[in-house]
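Geometric and topological summary
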Amino acid sequence: MADLTGGKGEGGRLSEDEVAGLSGHVSTLAAAGLPLGPGLTALGEELPDGRLRASLLDLGRALEGGMPLDEAMALQKRRIPAHLRGIVLGGLKSGRLGDVLGRFTGYVSIGTELRRRLWLSMAYPVFTIVLTLILLVLVDVFVVSMFESIFRDFGVPIPMMTVALIETSHVIRAVWPGLAVVGLVLAGLWLAGRLAFGGPAVRGILARLPVLGAVWRYTGWAEFCHLLALLLESRLPLPEALRLTGEGVENSGLARASDSMARDVENGRPLAATMGKQPELPPNLPRLIRWAGDHDATADLLHAAGEMYEARARSQAAFAGTVMAVLSAVIVFVGVSIGVIGLFLPLITLITKLSG
C-alpha cells in the first residue's frame, strides 16, 4: 500500500496519494452513511504523523464542532487542493458526496498507478544498462591497461577493435573525474528543479521526451478529461472548472492551457474553439467537445476520452518497458562482445606465438 503520510511534516500541500487517501476516506464514510466527524478523527488517529493524519484530524474536529464539510475543507486550503474542495462542494450540492468522491478517488489514482507501472517495467532494464556501463568503464580503466602493457611488451599485432578499446580506455582514464562531476551536477540540477519548480514543471518536461514522454502526455490528458468532467458534473461554472482542473492535473503545460481556456470562455469563446488553440491538448479533443456540446453530453464524452487516453498510456508504458528491455539486451551483448573479442584476439595471437 502506498505511503499516504507524505513524510514527517504536517504542513504543505497534500500529495496525489494523500489526496486520493483523503477523498477515499471521506467517500467511504459518506457512502456508508456514517458520521464524518468521528469517523475522520478515528481514521486520522490510526495513521502515523504526517500531512494526511493532520488533515483528517483537523477535518474531524471541525465537523464534530458543527462546521459544514466544505467550510472545514476551506480552512485547510494550504493542504487540500482547490479542485478537491470544488468536487466536495459539488457532491454536497447534488447529495451524492460518497459517489462523487469515490469516482474522484479512482480517477486521481490513474496517474500514480500508470507512472508506478512504468517505473516498475523499466527498473530492471535501466539497472542492467547502468550496471553494464559501469562494468565496461571499470574494465576499460583497469583491465585494458594491463592487457595493453602485455601486448606491447611482447610485440603482439593489435587488431583495430583492440586499438579502439585501448584508445577508449585512455579517454576514459583522462576524463572520468570530469564525467563524475557532470553526473553529480546533473543530479543536483534535477533535484533543484524539483524543489524550485515542483512536480508539475518536471512532468511538463518529461512529457516532451521520446517514448517515455507519450506515457506522461496520455496520462495527463486522461487526468485532465476525467477531472474536468467531474467538476462539470458537480455543476461548477466552466471557467472555474477549467482553472481547478489545471491545478489538479499536476502538469505545468496543461495548467497554463487550462488557465488560458478559462479566460477565453469568460470572454465568450466556445470551449471547443479555445481547446483548438492549445498545443498541449490532444488535437482530436476539440472536435469531440464540439460534437458533445451539440448533444449536451460534454461530461460523458470527457470521461470516454479519458478512458481512451488511459488505455493508450497503459499501452505506451508497456511499449516503453519493452523498448528498454531490448535496449538493455543489445547494450549488454555489444559491450560484452566488444570487450571479449577485443581483448582475446591478440591474446590468442600471443599464446600461439609463445607456443610456436
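The rules behind the values
- Residues numbered from 1 in each chain as written.
- Predicted model: local features only at pLDDT ≥ 70, side-chain atom pairs only at ≥ 80, totals over all residues.
- Heavy atoms only, no water.
- Helix = DSSP H or I, 4+ residues; strand = E, 2+ residues; numbered from the N terminus.
- Buried < 20%, exposed > 50% of the residue type's maximum accessible area, 1.4 Å probe, protein only.
- Contact = heavy atoms within 4.5 Å.
- Areas by Shrake-Rupley, 256 points an atom, 1.4 Å probe, with all protein chains shown as cover.
- Salt bridge = Lys/Arg side-chain N within 4 Å of Asp/Glu carboxyl O.
- UniProt positions renumbered as here; feature names shortened; annotations may be inferred.
- Polar contact = N/O pair within 3.5 Å; in protein donor to acceptor, adjacent residues only side chain to side chain.
- pLDDT = per-residue confidence, 0-100.
- Axes fitted to C-alpha atoms, helices over the stretch in contact; angles between N-to-C directions.
- Parallel < 35°, antiparallel > 145°, perpendicular 65-115°, else oblique.
- Nonpolar A, V, L, I, M, F, W, Y, C, P; charged D, E, K, R; others polar.
- Phe/Tyr/Trp six-rings, centres within 6.5 Å; stacked < 30°, edge-to-face > 60°.
- Expected span 1.5 Å × (residues − 1).
- Patch = residues over 30% accessible without salt bridge, like charges linked within 9 Å, V, L, I, M, F, W, Y side chains within 5 Å.
- Core = buried A, V, L, I, M, F, W, Y, C linked by side-chain atoms within 4.5 Å.
- Domains from an automatic or database assignment.

Our focus in this paragraph is the overall build of the protein. A tally of helices and strands in the protein yields 13 helices and zero strands. When the helices and strands of the protein are placed in sequence order, the string is α-α-α-α-α-α-α-α-α-α-α-α-α. Taken across its 356 residues, the protein has 45% of its residues classed as buried. Pairs at least 24 residues apart make up 65% of the contacts formed inside the protein by residues separated by at least 6 positions. For the protein, the accessible area works out to roughly 18300 Å², and carbon and sulfur atoms hold 66% of it.

We now examine the pattern of salt bridges. Summed over all chains, the structure comprises 12 salt bridges. Note that Arg61 and Asp58 form a salt bridge whose closest N and O atoms lie 3.6 Å from each other. Here Arg61 and its partner Asp58 are both found in helix α3 (residues 51-64), three residues apart, which amounts to about one turn of the helix. Residues Arg79 and Asp58 are paired through a salt bridge, measuring 2.9 Å at the closest nitrogen-oxygen approach. On the criterion of sequence distance, the pair formed by Arg79 in the loop between α4 (69-74) and α5 (82-94) and Asp58 in helix α3 is long-range, its members being 21 residues apart.

It is worth spelling out the UniProt feature "transmembrane region" (unreviewed entry) in the protein at this point. Mapped onto the present numbering, the UniProt feature "transmembrane region" (unreviewed entry) falls at residues 124-151, 171-193 and 318-351. Here residues 124-151 is 100% helix and 0% strand, with 37 Å between the C-alpha atoms at its ends.

Within the element layout of this structure, Thr245 appears in helix α9 (residues 238-248). The exposure class of Thr245 is buried, given its relative accessible area of 0%. One polar contact links the side chain of Thr245 to the main-chain carbonyl oxygen of Ala241, over a distance of 2.7 Å.

Let us look at the confidence of the model for the protein. When pLDDT is averaged across the protein, the result is 81; 89% of the residues are at 70 or more. Ignoring residues within four places in sequence, the model shows residues 1-9, a span with pLDDT below 50, making 21 contacts including any to other chains.

What follows deals with the packing of α9 against helix α10 (residues 252-266). Two elements in contact, α9 and α10, have axes separated by 8 Å at closest approach and are oriented at 170 degrees. Taken together, the axis directions place α9 and α10 in an arrangement best described as roughly antiparallel. Contacts between α9 and α10 pair Leu238, Pro239, Leu242, Arg243, Thr245 and Gly246 from the former with Leu254, Ala255, Ser258, Asp259, Met261, Ala262, Arg263, Val265 and Glu266 from the latter. Considered class by class, the residues forming the contact of α9 with α10 number eight nonpolar, three polar and four charged.

Another aspect to go through is the packing of aromatic side chains. On inspection of all chains with the given rule, the structure shows three aromatic pairs. For the ring pair Trp119 and Trp216, a centre distance of 5.7 Å and an interplane angle of 65 degrees mean the geometry is edge-to-face. With Trp119 in helix α6 (residues 97-154) and Trp216 in helix α8 (residues 212-233), this residue pair connects regions lying 97 residues apart in the sequence. Taking the relative accessible area as the measure of exposure, Trp216 reaches 5% and is therefore buried. Here the aromatic residues Tyr218, Trp221 and Tyr309 are joined through ring pairs into a cluster of three or more.

With 14 residues, α3 ought to run about 20 Å at 1.5 Å a step, and its terminal C-alpha atoms sit 20 Å apart, in line with that. Buried residues dominate α3, accounting for 10 of its 14 residues. Burial in α3 covers these residues: Arg51, Leu52, Ala54, Ser55, Leu56, Leu57, Leu59, Gly60, Ala62 and Leu63. On its buried side, α3 packs onto α1 (16-32), α2 (36-46) and α4. A positive phi of about 95 degrees marks Gly66, the residue just after α3.

Take the environment of Ser15 next. On the secondary structure map, Ser15 appears in the segment before α1. Considered as a pair, Ser15 and Pro81 are 66 residues apart in the sequence and their alpha carbons are 9.3 Å apart.

Another point: a nonpolar patch on the surface. A surface patch of nonpolar side chains, about 1000 Å² in accessible area, is lined by Met161, Val326, Val330, Phe333, Val334, Val336, Ile338, Val340, Ile341, Phe344, Leu345 and Ile348. No other element matches helix α13 (residues 298-355), which puts 11 residues into the nonpolar patch. Mapped onto the secondary structure, Phe333 falls in helix α13.

Turning our eyes to something else, we now look at the nonpolar core. Within the largest apolar cluster, 61 residues are counted, with the highest numbers of intra-cluster contacts made by Leu22, Phe224, Met275 and Leu285. The leading source of residues in this core is α8, at 10 residues. When residues are assigned to domains, this core turns out to be shared by domain 1 (16-80) and domain 2 (106-355), each giving three or more. In contact with Met275, other than residues within four places in its own chain, are Phe224, Leu228, Met261, Leu281, Leu285, Pro286 and Ile289.

Two numbers describe a pair of packed helices, the interaxial angle and the distance between the axes. Contact geometry for α5 and α9: axes closest at 8 Å, N-to-C directions at 130 degrees. In this view, α5 runs oblique relative to α9, as classed from their interaxial angle. Counting all contacts with α5, which are made through Ala82, His83 and Gly86, the residues of α9 involved are Leu244, Glu247 and Gly248. Tallied by class, the residues present in the contact of α5 with α9 amount to two nonpolar, three polar and one charged.

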